[in-house]
Every structure is written in structure tokens, then in C-alpha cells.
Amino acid sequence: MFSTVAVNGEVRRWEDLPLHDFAQGFFFGAGFFTTFRVDDGAPLFLARHLRRLTESLAAFPEAVRAPPSELLHVDAVRASLRRCLESDSALGSRFTGIGKLTASDGRLLLTFRPPAPDAERLQREGRAVDTVEANAYRHGEPLPNHKGLSYFRQFSLMQRLPLLANDAGHACELPTANLFMLLDGALVTPPLDAPCLPGIIRAVLLDAGHIDDMPVREDVIPLTRLSDARACVFTNSAVLATGVTKLLGRALPDSLSLAARIREHVLAMASREG
């Protein structure tokens, strides 16, 4: 992580932050965060990220002390981000990497890190999903719908990257990523009550409704239907879309080209949204 950060819009150094200012989040995990991609100094889908963060804070007003609402506006965060980039030559105004907004203790903390070291390799080669974590969630459970609460439950599974399933035998998501499968000619993702995180890229694709001539929709995905998938990808804001080249031992060579189409589509939408 880079040393330059912002707290409530003020540029600071990470090593200078007093721990007691973040006691609620640090000691008790009482906070929410959102992670977004920054390309050439421009944050992607920032308004969507801030809307989701605001909704999570509103859902738990007694548990998390939210920062002042004016700090959660797009213009305020853009200005804070710009000040950070311009003040640190290690970042620079054309920074490309990952930004993170964390809300707790009445503060909004903005931090930066480089792109994942294996991001380009994953785009070229994809990744296998070899296992299912059965009964990882209860159908209709609301907590996995909030980034932060979902992260705590997924942390121990991130390296292994299993497919998370619910108590009804339905696919939900992957740790830190939403799941899309090409089934019956449509790109299908589990519904939010599966449950799964309302991921930003997931929402972008559902709002688009299609990629070229391929419909995009929510639907229940029983584990028994995994063998019918022609391709599979997982999505998140950091890497956009990654092809699952092998799903539970079955090769899915079309997943890489599907992931490339999705990335192209998402970047085009990001350009339009600003």
C-alpha cells in the first residue's frame, strides 16, 4: 500500500494516523469499505461504489458511526483522490491501480495500492475453480450483501477460491467475486438473496441487459446445473472479469474469450458513465 492517504478529504501519511481515531473499525471491525479501480488517474464507477457504501452505512446506523454525508459525494471523493495523486510522486496524476474507501469511526479513509501482481496473468490464463463450499450461506441471509461483513466470512477461503453455495444447493458467488455462467445462451448470475454481494461489475452487466446478442440476467443456479455451463467467469472491480478455465474438473475453454468480451464491455460503460 502507498503511504499517501486521505482522511475526510485531508491528505495524510499512513504512518502518521493515530490508531485511536479508527478504534471502532480496527478493534471491532465496525465499518464498511469499497474497492475500486483507478485507470490513468480516473476512478471507475465511483458513483456506484459510493451509493453501495452509503446503503450499507444506512442499513446499520446503530453499529457503524458514518462519516459526514457530504464526504460521500462523488465530487468530494474525486477531489480528495486528485489531491492524493498530485501530492505523491510515487502515485502521480496518471496513477493506475486500486483505490479503497473505508467508512468507520465517523471518518472516510481513502487508500491506494498497486494493481494485483497476477492480474495480467489471470486475464491471459484464467483460473480453475476446483471445489464447492457447501452450506457456506443460508438462502436469504442479508449480511453477505454488504462489503465488509461478507469479507470477514470469506477471508480464510480466498486462497483456495471455492464456489460458495447455500443451504438450498444453489451457487452464490466466489470469495471477493461475483459469478456468471453461460447457460442456455444467456449470461446468468445468482440473485442477491442467494445471497451474494451486490458487486459493482455485476450491477453494470445487469443494467446493460446484454453483451452483444447475449442476454444478461439474474437466476437461481442449482449446483446440479454447473455441468451445463458452456463458460464461466467471475467479476470484481479490481480485475473486472476473469475466465474460469476449469470448473470442478471440467474444461471450459470459451471462458477466456467471454471474459475478454465482458472486460471490453465494462470499460466502454465506464467511459460513458465517467
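Below, the structure is looked at part by part.

A separate point is the packing of aromatic side chains. On inspection of all chains with the given rule, the structure shows 4 aromatic pairs. Between Phe26 and Phe27 the ring centres are 5.1 Å apart and the planes differ by 85°, which places this aromatic pair in the edge-to-face class. The class of Phe26 is exposed, set by a relative accessible area of 57%. Through a chain of ring-to-ring contacts, the aromatic side chains of Phe2, Phe95 and Phe112 assemble into a single cluster. We note Lys100 situated over the ring of Phe33; from NZ or CZ to the ring centre the distance is 4.5 Å. Sitting over the ring of Phe22, Arg107 keeps its end group 6.0 Å from the ring centre.

Pairing within the open sheet is mixed, and its 3 strands lie in the order 8-9-10. Where the open sheet ends on each side, the last strands, each with one partner, are strand 8 (132-137) and strand 10 (171-173). Geometrically, the sheet is characterised by an average inter-axis angle of 50° between neighbouring strands, direction not taken into account. Of the pairings in the sheet, the one linking strand 8 to strand 9 (residues 163-166) comprises 3 bridges and is parallel in character. Pairing of Tyr137 across the sheet is with Asn166, part of strand 9.

A few words on unusual backbone geometry. When glycine is set aside, most residues are seen to have a negative phi, and most peptide bonds are trans. Between Ala194 and Pro195 the backbone carries a cis peptide bond, its omega angle lying at 5°. One can find Pro195 in the loop between strand 12 (186-189) and helix 6 (200-208). Even without a glycine there, the phi angle at Phe45 is positive, about 55°. Mapped onto the fold, Phe45 is located in the loop between strand 4 (42-43) and helix 2 (46-59).

This part covers a nonpolar patch on the surface. Together, Leu19, Phe26, Phe27 and Phe28 line one region of the surface with nonpolar side chains, adding up to about 510 Å² of accessible area. Take Phe27: it is sitting in helix 1 (residues 23-28).

Thresholds, definitions, all that
- Residues numbered from 1 in each chain as written.
- Predicted model: local features only at pLDDT ≥ 70, side-chain atom pairs only at ≥ 80, totals over all residues.
- Heavy atoms only, no water.
- Phe/Tyr/Trp six-rings, centres within 6.5 Å; stacked < 30°, edge-to-face > 60°.
- Buried < 20%, exposed > 50% of the residue type's maximum accessible area, 1.4 Å probe, protein only.
- Lys NZ or Arg CZ within 6 Å of the ring centre and 35° of its normal.
- Pairing = 2+ DSSP bridges.
- Helix = DSSP H or I, 4+ residues; strand = E, 2+ residues; numbered from the N terminus.
- Axes fitted to C-alpha atoms, helices over the stretch in contact; angles between N-to-C directions.
- Patch = residues over 30% accessible without salt bridge, like charges linked within 9 Å, V, L, I, M, F, W, Y side chains within 5 Å.
- Areas by Shrake-Rupley, 256 points an atom, 1.4 Å probe, with all protein chains shown as cover.
- Salt bridge = Lys/Arg side-chain N within 4 Å of Asp/Glu carboxyl O.

Remember that the coordinates give geometry; whether it matters functionally is a separate question.
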